[in-house]
Amino acid sequence: MSVGAGTGGVAGTGAGRIVVAPLPKVAEMAVRNGCREMISLVAPKQFFHRPAVIDPARHLLLSLNDIAFAGTGALVAPQEDHVAAVIAFARSWDRTAPLLIHCMMGVSRSPAAALIAALAVAPDQDDEALALRLRAVSRQATPNARIVAIGDALLGRQGRLVAAVKTIGRGADYVGDQPFSLPVEAVAADVLADGGALP
């Protein structure tokens, strides 16, 4: 189910939803879902075109590699300032249209950022319920552990987000591009089933 701009998100929660996509699907998902705001988590010097429907002023570009340890050589590990930028950007998201978050494959960096963005705008929710919602809409998601840990600390989750992500475990083996839609807050099971994986 694709919910367009101006709907306020899935099932009228008012909190919106986050579309997570791999790089090859970014333009398609932005247009299909009416996205106007985007967070990109890509390797340094990774070239890509920002979709025309994304407001340039509402595009956060973060250059970091998909690693869960301190960077070595040319690799850039996720840092506190990267995650703080995700939190600040999410809190300024107007939520009248879905927020698009992408990385290279849509499996590690962007799902981690989606969890953090969801907690940034809806902090009263249960971390484990959020992680289970992520697993329900994406069998492949394996959120980057370093991004999750930094987000947990910055958002004051006291280890709950880290524990929740450990609970859902590693995602299924990668079998190709599988964008998905994550409701920011809890929704009915039938809505979740209908609104998760995007073709």
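Heads up: the structure comes first, above all this text.
Residues numbered from 1 in each chain as written. Predicted model: local features only at pLDDT ≥ 70, side-chain atom pairs only at ≥ 80, totals over all residues. Heavy atoms only, no water.

Asks: Help me understand unusual backbone geometry in this model?
Replies: Comment: phi is negative for the bulk of residues other than glycine, and the bulk of peptide bonds are trans. Backbone geometry at lysine 45 places phi at a positive 70°, although glycine is not the residue there. Locating lysine 45 in the fold gives a position in the loop between strand S2 (37–42) and strand S3 (59–63). Overall, lysine 45 belongs to the exposed group, its relative accessible area being 86%. Residue glutamine 158 is not a glycine yet carries a positive backbone phi of 55°. Summarising the element assignment, glutamine 158 is placed in the loop between helix H5 (145–154) and helix H6 (160–168). (Helix = DSSP H or I, 4+ residues; strand = E, 2+ residues; numbered from the N terminus. Buried < 20%, exposed > 50% of the residue type's maximum accessible area, 1.4 Å probe, protein only.)

Asks: How should I be thinking about the pairing of strand S4 (residues 99–103) in this particular structure?
Replies: Strand residues, when the strand is regular, have side chains that alternate between the two faces of the sheet. With 5 of its 5 residues buried, S4 lies for the most part within the structure. A two-sided burial pattern is seen for S4, the buried positions comprising Leu99, Ile101 and Cys103 on one face and Leu100 and His102 on the other. Here strand S1 (residues 17–22) pairs with S4 via 5 bridges, running parallel. Among the inter-strand pairings, alanine 21 is bridged to a residue of S4, identified as histidine 102. Where S2 and S4 come together, 4 bridges link them in parallel fashion. Residue pairing in the sheet places serine 40 in a bridge with histidine 102 of S4. (Pairing = 2+ DSSP bridges.)

Asks: What is the right way to look at the environment of leucine 41 in this model?
Replies: Relative to the elements of secondary structure, leucine 41 occurs in strand S2. In this structure the C-alpha to C-alpha distance between leucine 41 and methionine 104, which are 63 residues apart in sequence, comes to 7.8 Å. Apart from the residues lying within four places of it in its own chain, the contact partners of leucine 41 are Leu62, Leu64, Ile101, His102, Cys103, Met104, Arg109, Ser110, Ala113 and Ile147. (Contact = heavy atoms within 4.5 Å.)

Asks: Please explain the nonpolar core as it appears in this structure.
Replies: For soluble globular proteins, the rule of thumb is that nonpolar side chains tend to be buried together. Ile18, Ile39, Leu41, Leu99, Ile101 and Ile116 are the most contacted members of the largest nonpolar core, which totals 43 residues. Among the elements that take part in this core, helix H3 (residues 109–121) stands out by supplying 10 residues, more than any other. (Core = buried A, V, L, I, M, F, W, Y, C linked by side-chain atoms within 4.5 Å.)

Asks: Before we go on, may I ask you to explain H3 in this structure?
Replies: Residue pairs spaced three or four apart in an α-helix point in one direction, given the helix's 3.6 residues per turn. With 13 residues, H3 extends 19 Å from end C-alpha to end C-alpha; this agrees with the ideal 18 Å at 1.5 Å per step. Here H3 lies mainly inside the structure; 13 of its 13 residues are buried. (Expected span 1.5 Å × (residues − 1).)

Asks: Can you walk me through the pattern of salt bridges in this structure?
Replies: One side chain can pair with another of opposite charge once the charged atoms of both are near each other. Scanning all chains against the criterion turns up 7 salt bridges. Taking the shortest distance from any N to any O, the salt bridge between glutamate 37 and arginine 58 comes out at 2.6 Å. With glutamate 37 in strand S2 and arginine 58 in the loop between S2 and S3, this pair connects stretches of sequence that are 21 residues apart. The class for glutamate 37 is buried, based on a relative accessible area of 6%. In this structure, arginine 160 engages aspartate 127 in a salt bridge whose closest nitrogen and oxygen atoms are separated by 3.3 Å. In this pair, arginine 160 sits in helix H6 while aspartate 127 sits in helix H4 (residues 127–137), placing the two residues 33 residues apart along the sequence. Take arginine 160: its relative accessible area is 38%, and that puts it in the partly exposed class. The class for aspartate 127 is buried, based on a relative accessible area of 3%. (Salt bridge = Lys/Arg side-chain N within 4 Å of Asp/Glu carboxyl O.)

Asks: Teacher, can you tell me more about the packing of aromatic side chains here?
Replies: The geometry of an aromatic ring pair is captured by the separation of the ring centres together with the interplanar angle, meaning the angle of the planes. Under the definition given, this model contains 0 aromatic pairs. Over the face of the ring belonging to phenylalanine 89 we find arginine 58, whose NZ or CZ atom lies 4.0 Å from the ring centre. (Phe/Tyr/Trp six-rings, centres within 6.5 Å; stacked < 30°, edge-to-face > 60°. Lys NZ or Arg CZ within 6 Å of the ring centre and 35° of its normal.)

Asks: Explain helix H2 (residues 80–92) to me, please; I cannot follow it from the model alone.
Replies: Compared with an ideal rise of 1.5 Å per residue, which puts 13 residues at 18 Å, H2 spans 19 Å between its outermost C-alpha atoms and is within 8% of the ideal. In the core, the buried residues of H2 are packed alongside S2, S3, S4, H3 and H5.

Asks: Help me understand the side chain of serine 40, please; the structure alone is not making it clear to me.
Replies: Locating serine 40 in the fold gives a position in strand S2. If we skip the residues at most four places from it in the chain, serine 40 touches Phe48, His59, Leu60, Leu61, Leu62 and His102.

Asks: Help me out: how do you make sense of the sheet that holds strand S5 (residues 180–183) in this one?
Replies: Remark on secondary structure: sheet strands pair via backbone hydrogen bonds, oriented parallel or antiparallel. Strand order across the open sheet formed by 5 strands is S3-S2-S4-S1-S5, with mixed pairing between neighbours. Bordering the open sheet on either side are S3 and S5, each of which pairs with just one other strand. Going across the sheet, the axis of each strand differs from the next one's by a mean of 20°, ignoring polarity. Sheet topology places S2 next to S3; 5 bridges connect them, and they run parallel. Among the inter-strand pairings, valine 42 is bridged to a residue of S3, identified as serine 63. (Axes fitted to C-alpha atoms, helices over the stretch in contact; angles between N-to-C directions.)

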